[in-house]
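Listed below, chain by chain, are the residues.
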Amino acid sequence: MTNHLAKNHKISDLFRHLKVGQIECRKRRILVGRVKLYISALQLENGELLLVVSPQFNANAIQDYALRWEIETLFSCLKGRGFNLENTRLTDARRVKKLIAVLAISFCWCYLTGEWQHDQKKAIKIKKHGRLSMSLFRYGLDYVQMAIQR
């Protein structure tokens with residue numbers, strides 16, 4: 001990143017003052033490489049910064065990214081991490097729409113089952129970095145598959 005005096009700085013230096021959970025959206029564009037961009041940052045609990053850059057100013061960039069991340073997570077579960085949606089041979093838009101609806105309901109069922117198992121039955125192990133060793137969705141999907149096979 002280069003400032004108006006053409007000196008190079010680390011982007012993290014701009015946000016060093018943020019406390020955990022605090023968000024800042026820079027209202028002035030910053031030269032990153034050869035492109036002027038708006039930068040928003042969130043100070044995470046583990047000491048890292050979550051940075052979101054965009055060509056237009058967006059005061060809700062971090063919140064918008066969080067929503068987008070939830071959608072990305074859902075699609076990864078519908079695809080390679082669970083239901084293998086990409087393997088379907090369906091081409092009729094109505095049938096694809098119905099399949100997506102059934103998979104969305106199935107996703108909710110598996111996620112809630114995983115949450116229930118984690119809270120009521122056997123908790124998922126927590127790794128050193130503080131995250132669960134398995135997603136709640138995967139935990140529930142494995143349980144539902146096992147129950148159906150019985």
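Residues numbered from 1 in each chain as written. Predicted model: local features only at pLDDT ≥ 70, side-chain atom pairs only at ≥ 80, totals over all residues. Heavy atoms only, no water.

A. The arrangement of the packing of helix α3 (residues 93-121) against helix α4 (residues 136-149) in detail. The interhelical angle for the contact between α3 and α4, taken along N-to-C directions, is 95 degrees, at an axis separation of 6 Å. One finds that α3 runs roughly perpendicular with respect to α4. Packed against α3, whose contacting residues are F107, W109, C110, Y111, T113, G114, E115, W116, Q117 and H118, the element α4 presents L136, F137, Y139, G140, L141, Y143 and V144 at the interface. Here the residues of the contact of α3 with α4 sort into eleven nonpolar, five polar and one charged. (Axes fitted to C-alpha atoms, helices over the stretch in contact; angles between N-to-C directions. Helix = DSSP H or I, 4+ residues; strand = E, 2+ residues; numbered from the N terminus. Parallel < 35°, antiparallel > 145°, perpendicular 65-115°, else oblique. Contact = heavy atoms within 4.5 Å. Nonpolar A, V, L, I, M, F, W, Y, C, P; charged D, E, K, R; others polar.)

B. Layout of α4. Between the first and last C-alpha of α4 there are 20 Å, a value that for 14 residues agrees with the 20 Å anticipated at 1.5 Å per step. For α4, the complete set of buried residues consists of L136, F137, Y139, G140, L141 and V144. Taken together, the buried residues of α4 touch α2 (61-78) and α3. (Expected span 1.5 Å × (residues − 1). Buried < 20%, exposed > 50% of the residue type's maximum accessible area, 1.4 Å probe, protein only.)

C. The pattern of salt bridges, seen in detail. Applying the stated rule across the entire model yields five salt bridges. Among the salt bridges present, the one from D13 reaches R16, with a minimum N-O distance of 2.8 Å. The salt bridge involving R138 is made with D142; its shortest N-O contact spans 2.9 Å. One end of the pair, R138, and the other, D142, are both in helix α4, four residues apart, so they sit about a helical turn from each other. For R138, a relative accessible area of 28% corresponds to the partly exposed category. (Salt bridge = Lys/Arg side-chain N within 4 Å of Asp/Glu carboxyl O.)

D. View of the side chain of S106. Topologically, S106 is positioned in helix α3. Given a relative accessible area of 18%, S106 falls into the buried group. Polar side-chain contacts of S106 include one of 2.8 Å to the backbone oxygen of V102. (Polar contact = N/O pair within 3.5 Å; in protein donor to acceptor, adjacent residues only side chain to side chain.)

E. Region of the structure containing the packing of aromatic side chains. With the rule as written, the count across this model stands at six aromatic pairs. Across from the ring centre of F15, 5.4 Å away, lies the NZ or CZ of R26, which sits over that ring. (Phe/Tyr/Trp six-rings, centres within 6.5 Å; stacked < 30°, edge-to-face > 60°. Lys NZ or Arg CZ within 6 Å of the ring centre and 35° of its normal.)

F. Representation of the pairing of strand β4 (residues 49-54). Relative to β4, strand β3 (residues 35-43) runs antiparallel, the two sharing six bridges. By the bridge assignment for β4, S40 is matched with V52. A loop of five residues connects β3 with β4, the two strands running antiparallel in sequence, and G47 in this loop sits at a positive phi of about 90 degrees. (Pairing = 2+ DSSP bridges.)

So far we have only geometry, and geometry alone does not tell us how the molecule works.
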